[in-house]
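Listed below, chain by chain, are the residues.
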Amino acid sequence: TRHNEAILFIGKDSTAVAQERSRRKTKTMDLEALAGSVGSPAVFVGLGVTTLALVGATVFLSRSSSDSSRGGAGAAAERQVEELDRSKYPGGHLTIYYGSQTGTAQMFANQIASESESRGFKARVVDLQDVVDNEDGDAIDAARIRPQIGPSPAEDGVAGELDEVDGDGALIRASLADPCYRDPDAGRSTSLFFVATYGEGEPTDNAQQFVELMKVKSGIDNIYKISPSEEAPGDGGEDGGPADPSARDATFLSDLDYAVFGLGNKQYEHYNNMSRFVDASLGRCGADRIADLGLGDDDDDLEGDFESWKDNVFWPAMAERYVKGAEIGGGRDGEEDGATALPPCPYRVE
């Protein structure tokens, strides 16, 4: 009996093993059949790559949509400029642009900004590269139109009071003629440019694109032949500007007031070439120069030239045009309201 029970158990074990082997063989055959029906293992690789690509595209589009939403909100927030306190800033907004290779022009720009409040102006400093890298869609869209200059529509038969501005022009106007920094009464913007000349009369790296755009708008095709600073820009002819007025946009920046200070070196042939170009190109585009062009010579006394120009030319011209004897309130701590603060002293006693 015991022997028979042993044979019985052995028989059951053998049957189970056989069934398991049969099940595994069936699964193997099924996989081989599936591979054969699709074609080859390479097809599986292709399907896998396609699936990964679809998943990656979905994630990218989702993130882009999210980033776009956040960017739009940020741009809208940046357009909210604090209302100007006229008792503190009777001169209004002053935007200071700089084209600098070694940082000196930027330093001068920051110095003017630090003095602006005591002079009655609210200043901001802008890299010229940021003018062409502007991604503020609202500002660019607003800059695509400009007030019409000249006879009224009723007189010249032009329908409407706005002119269209091309894409490149809108990019420049979005910064130089930004409505957020414009005098609401006069409808004009005020800007100061510090422009260094690099190498043989060339623009600095951060001013290169701005210069290229202004060449197109001003019609100046030869930046090495600019009219002298004492002559009115825009005469045309042999001074580097076109004789045909239609080659330039004469009203492109007609709502801009500006001044320019150049940083150069008389050891080079094209001394202060870029400041002369910026001064002339802005004038050719209709902007109004508010102070004589300042020229600093690094071969002599660049800082002295700058100090003399800002104290004897720039600030007096700004006060005459914008402040006009108005009392400047909201001075530094400890000052009485209405008192005009002295410019900050750049020296320190040790």
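Residues numbered from 1 in each chain as written. Predicted model: local features only at pLDDT ≥ 70, side-chain atom pairs only at ≥ 80, totals over all residues. Heavy atoms only, no water.

Draft legend 1. A look at helix H3 (residues 104–119). Helix length check: H3, at 16 residues, gives a terminal C-alpha distance of 22 Å against a target of 22 Å (1.5 Å per residue), a fit within 8%. The complete set of buried residues in H3 reads Ala105, Phe108, Ala109, Ile112, Glu115, Ser116 and Ser118. End-on, the buried residues of H3 take up no more than an arc of 160°, which puts them together on one face. Of the residues trailing H3, Gly120 is marked for its positive phi of about 95°. (Helix = DSSP H or I, 4+ residues; strand = E, 2+ residues; numbered from the N terminus. Expected span 1.5 Å × (residues − 1). Buried < 20%, exposed > 50% of the residue type's maximum accessible area, 1.4 Å probe, protein only. Arc of directions from axis to C-beta.)

Draft legend 2. The nonpolar core, seen in detail. Counting residues in hydrophobic clusters, the biggest one holds 36 residues, and the most contacted among them are Leu176, Phe193, Phe210, Leu253, Phe277 and Leu282. At the level of secondary structure, the elements contributing two or more residues to this core comprise helix H4 (128–132), helix H5 (137–142), helix H7 (167–176), strand S5 (189–198), helix H8 (208–218), strand S7 (256–264) and helix H9 (273–284). With sequence-adjacent residues up to four places away left out, Leu253 is seen in contact with Arg173, Leu176, Met214, Leu282, Cys285, Gly286 and Ala287. (Core = buried A, V, L, I, M, F, W, Y, C linked by side-chain atoms within 4.5 Å. Contact = heavy atoms within 4.5 Å.)

Draft legend 3. Up close: the packing of aromatic side chains. Using the criterion set out here, one finds 13 aromatic pairs in the structure. Seen from their ring centres, Phe108 and Phe306 are 4.1 Å apart, and the 10° between their planes marks the pair as stacked. A residue pair is termed long-range when its members are at least 10 positions apart, and Phe108 in helix H3 and Phe306 in helix H10 (residues 302–323) qualify at 198 residues. Summarising the burial analysis for this pair, Phe108 and Phe306 share the class buried. Among the aromatic residues, those joined into a ring-pair cluster are Phe108, Phe121, Phe194, Phe261, Phe306, Trp309, Phe314, Trp315 and Tyr322. A cation over an aromatic ring shows up here: Arg124 above the ring of Tyr181, its NZ or CZ 3.7 Å from the ring centre. (Phe/Tyr/Trp six-rings, centres within 6.5 Å; stacked < 30°, edge-to-face > 60°. Lys NZ or Arg CZ within 6 Å of the ring centre and 35° of its normal.)

Draft legend 4. Geometry of the side chain of Asn206. Relative to the helices and strands, Asn206 is located in the loop between strand S6 (202–203) and H8. A distance of 3.0 Å separates a polar atom in the side chain of Asn206 from the backbone nitrogen of Ser100. With residues near it in sequence (within four places) discarded, Asn206 still touches Tyr98, Gly99, Ser100, Asp127, Leu128 and Gln129. (Polar contact = N/O pair within 3.5 Å; in protein donor to acceptor, adjacent residues only side chain to side chain.)

Draft legend 5. Structural detail: the confidence of the model for the protein chain. Mean pLDDT over the protein chain: 73, with 58% of residues reaching 70 or higher. Counted against residues more than four places away or in other chains, residues 229–244, with its pLDDT under 50, gives 33 contacts. (pLDDT = per-residue confidence, 0-100.)

Draft legend 6. Region of the structure containing the environment of Leu295. Tracing the chain through its elements places Leu295 in strand S9 (residues 294–297). Sequence separation between Leu295 and Tyr271 is 24 residues, and the spatial gap between their C-alpha atoms is 9.1 Å. Discounting chain neighbours no more than four positions away, the residues touching Leu295 are Phe261, Gly262, Tyr271, Asn272, Ser275, Arg276 and Asp305.

Draft legend 7. Fine view of the environment of Ala109. Structurally, the position occupied by Ala109 is in helix H3. Taking the C-alpha atoms as reference, Ala109 lies 6.7 Å from Phe194; in sequence the two are 85 residues apart. Residue contacts for Ala109: discarding those within four places in its chain leaves Ile96, Tyr98, Val125 and Phe194.

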